[in-house]
Amino acid sequence: MMDLSAYRDIFIEELNDQLERMDQSLLALELSPSVELVQTLFRAAHTIKGSASTMDFRELSDLTHEVEYALEWVREKKPEMTSELIDTLFRSLDAMKVLRDQYIRGEAYADFRAVVREIKDLIQTPAVVGKLIIPQLQPAESIMAQVAIVSGKQLLSIHVVLEQKCMMKAARYHILRQRIEDICGTVVATSLMESQPGAQNEDDHYGQFIIIVATSNDQQQLKAELSSDSDIHMLEIDPYLLESNEVAATSAPLELISETEQTKQSLPTVNTTGPDEKVKAAQPTVRVSVERLDHLMNLVGELLIDQTSLADLSGSGARKESSTLIRSISGVSDHMGRVIKELQEGVMKTRMLPIDQLFSRFPRLVRDLSQKLGKDLELVIQGGETELDRMIIEELSDPLIHLIRNSADHGIESAVVRAENGKPSKGRITLTSFHEENHVVIRYSDDGKGIDGEKIKASALGKGIISEEQATRLTTQEAVHLIFEPGFSTASSVSEVSGRGVGMDIVRSQIGRLNGIIDIDTEVGVGTTFTIRLPLTLAIIKGLLVKVSGRVLILPMYNVAEIVRISPEDIQMIQGQQAILNHGRIVPFHRLCDRLNYPRTDRKSKTIPLVIVRSVDKIAAYAVDEIIGNQEVVIKTLGTYLGAMNHLSGATILGNGKVALILDASYLVSV
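Residues numbered from 1 in each chain as written. Predicted model: local features only at pLDDT ≥ 70, side-chain atom pairs only at ≥ 80, totals over all residues. Heavy atoms only, no water.

The next subject is helix 3 (residues 58-77). For helix 3, with 20 residues, the first-to-last C-alpha span of 28 Å sits near the 28 Å given by 1.5 Å per residue. In the stretch just after helix 3, Lys-78 is the one whose phi turns positive, near 50°. (Helix = DSSP H or I, 4+ residues; strand = E, 2+ residues; numbered from the N terminus. Expected span 1.5 Å × (residues − 1).)

Written out as structure tokens, the structure reads:
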């Protein structure tokens, strides 16, 4: 029996795509009903059902079958898109997502019979005698279909509804099936009405049916041949497209898969016998265009040519003059440098994904918050095509979710309050992304009540987050950043959405781990904007090389706000801590050697080289022995065997072969 376990990751990836497509289509359907959106939903559900069935994931297959039936009912009856109907479809979609997560984690499956009953209660009417099962090709049938396609035939779906007064529908079905086979040549699959419990006449089982055929005949020609039958009430002939799972199920060589084997092959069901037996999570994948892969292959080809050139130069080196040899090697080296630079950029692009893959998750969140909070909310997304490293996109999900939840709960006023203040009743949340120099900017804004710095300061003082002395020193703008402190909240009570004082702390810590920076621009009564700046990728960074106690260390340039030189007299003691004034702002001063417990070295110059480091909303100044310069470096992880190394984000190998440690900016500003 052929092992299909290799398809598990493909199945999960496709399942995620189809669920995301259904989520977006449902949101669009709620705003503007259309036949095209219903068809998109139906096709996605049909694909999921087939994929789940192939993987022997019966729970998801059965649930999706009911969703597919509901969508078929919507497609045929064209009912009004009521909130009850949309909510039921959303609950069904949520149930499908839960089953997916349980499948990935290897947990016992939840019981969703209540959701199935809800679907049936919503759409079932006395006039419905049965439901038509849409054909899902089995592996052997898929092979037959693909062989037909390769031989130049097309697949057609023939949907026949017999006249209600037709006598002996079963006999008429068999006659029509034989006639269709005679005309077309190959019948790939058939599907009949599903018998209903308590049905008086089993003959109604054949009242309508779908036959998938492989034929060389034209659609119109075939319709003309069959339309003359007086027992046919309705006849629809459409192209039938193979689903991706139907193709995947037959990816092994056709001659090695017999029909008997196809009927037997299945994956083992998810193991739920004990907590110690875990199912492997799907490996993260990135879809890369063939064009980009071809470009990388061409670059590798050029490097191989350069390697051959160097080998030739090495072999003929003794016969050439040294000046000629040096010029030849220099030319090859320059070309290799250009190719490697282009190869580096190309590889980095293969890790890039459009940020819309992240933003597209949030319309559903805003819709649910709008219903839960009783507020009319609107989400506007701009710049979804901006590309960002896949790893950063995944890490950004939680911070943006917390921003949206806090904004919906605290930032945007109720419709009554907004009307009193002359604002539209619908609150607006805007997510924008764009490239700026060598980083990505994500701008999140709302048109709510804004953040009152004085109120924030008073709340932080009352909760003991800051002291009276600190409160007097804080400006209104600095006080606004207190919302990022652990445990801070201005909510009078804890709700399902927010109020526990943990969300904004997560925002700061997550963005800090990504070497990002966040700024807040707010105006009371107008709204708030959070601006997040992030590096394009975490794999390759531009770093500032500094020397401290004879060691070369690297600071990410993205976190370097400024490089200055000061005299010892510029260092002041402010409330028992060394600090400097930088553009009118008090900045804590430290010596990097002391922070890292390195021995101090004798200072030879009269000035002190200083690097001002910034991470998220904090800043600090560090004295170093020497500024070497900046260069691009590849980050290498240090591994867990070194233990907790909070002050390091990784290491790199310099051009001279030595290892240089990369410092973590969030650690340096956390004093």
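Moving on from the coordinates now.
What follows is about the sheet that holds strand 16 (residues 572-574). Backbone hydrogen bonds hold the strands of a sheet together, and the pairing may be parallel or antiparallel. Reading across the sheet, the six strands line up as 15-19-20-18-17-16 and stay open at both edges, with mixed pairing between neighbours. In the strand order of this sheet, the two ends are held by strand 15 (560-566) and strand 16, each with one partner. Across this sheet, the average inter-strand angle for adjacent strands is 40°, counted without regard to direction. (Pairing = 2+ DSSP bridges. Axes fitted to C-alpha atoms, helices over the stretch in contact; angles between N-to-C directions.)

Aromatic rings considered in pairs are described by the distance between their centres and by the relative angle of their planes. Tallied over the entire structure, the rule returns six aromatic pairs. Between Phe-11 and Phe-57, the aromatic rings sit 6.4 Å apart at their centres with planes inclined by 75°, giving edge-to-face as the arrangement. Taken together, the residues span a long stretch of sequence, with Phe-11 in helix 1 (residues 8-31) and Phe-57 in the loop between helix 2 (35-54) and helix 3 at a distance of 46 residues. According to the relative accessible area criterion, Phe-57 is buried, its value standing at 2%. For the pair Tyr-444 and Phe-530, a centre-to-centre distance of 6.4 Å together with 50° between the ring planes defines the contact as tilted. In this pair, Tyr-444 is assigned in strand 10 (residues 439-446) and Phe-530 in strand 12 (residues 527-535), connecting sequence segments 86 residues apart. Grouping residues by exposure puts Tyr-444 and Phe-530 together as buried. Here the aromatic residues Phe-11, Phe-57, Tyr-103 and Tyr-109 are joined through ring pairs into a cluster of three or more. One Lys or Arg, Arg-595, reaches over the ring of Tyr-667 and ends 4.1 Å from the middle of that ring. (Phe/Tyr/Trp six-rings, centres within 6.5 Å; stacked < 30°, edge-to-face > 60°. Buried < 20%, exposed > 50% of the residue type's maximum accessible area, 1.4 Å probe, protein only. Lys NZ or Arg CZ within 6 Å of the ring centre and 35° of its normal.)

A few words now on the nonpolar core. If you look at the biggest cluster of nonpolar residues, it comprises 48 residues, and the most contacted ones within it are Phe-362, Leu-400, Ile-442, Ile-483, Phe-530 and Leu-534. Counting residues per element, this core draws most heavily on helix 15 (residues 390-411), which supplies seven residues. Dropping the residues within four chain positions of it, Ile-442 is found in contact with Ile-355, Phe-359, Leu-396, Leu-400, Leu-431, Thr-432, Ser-433, Phe-530, Thr-531, Ile-532 and Leu-534. In this structure, Tyr-7, Leu-19, Val-67 and Leu-71 belong to the second largest nonpolar core, which totals 40 residues. (Core = buried A, V, L, I, M, F, W, Y, C linked by side-chain atoms within 4.5 Å. Contact = heavy atoms within 4.5 Å.)

The next thing to look at is helix 12 (residues 322-350). If you check helix 12, its first and last C-alpha atoms are 41 Å apart, about what 29 residues at 1.5 Å a residue would give, namely 42 Å. Burial in helix 12 covers these residues: Leu-325, Val-332, Val-339, Leu-343, Gly-346 and Thr-350.

Across all of its chains, the model carries 24 salt bridges by this definition. For Asp-519, the salt bridge goes to Arg-614, with nearest N and O atoms at 2.4 Å. With Asp-519 in strand 11 (residues 517-523) and Arg-614 in strand 19 (residues 608-615), the pair connects residues that are 95 residues apart, well separated along the chain. Through salt bridges that share partners, Asp-23, Glu-30, Asp-87, Asp-94, Lys-97, Arg-364, Arg-367 and Asp-368 make up one connected network. (Salt bridge = Lys/Arg side-chain N within 4 Å of Asp/Glu carboxyl O.)

Angle between the axes and distance between the axes: these two values describe a pair of packed helices. Contact geometry for helix 7 (residues 169-184) and helix 8 (residues 219-226): axes closest at 11 Å, N-to-C directions at 140°. Helix 8 is crossed by helix 7, and the crossing has right-handed handedness. Here helix 7 contributes Arg-179, Ile-180, Ile-183 and Cys-184 to the contact with helix 8, which in turn contributes Leu-222, Glu-225 and Leu-226. Its residues assigned to classes, the contact of helix 7 with helix 8 shows five nonpolar, no polar and two charged. (Left-handed = near helix turned anticlockwise from the far one by under 90°. Nonpolar A, V, L, I, M, F, W, Y, C, P; charged D, E, K, R; others polar.)

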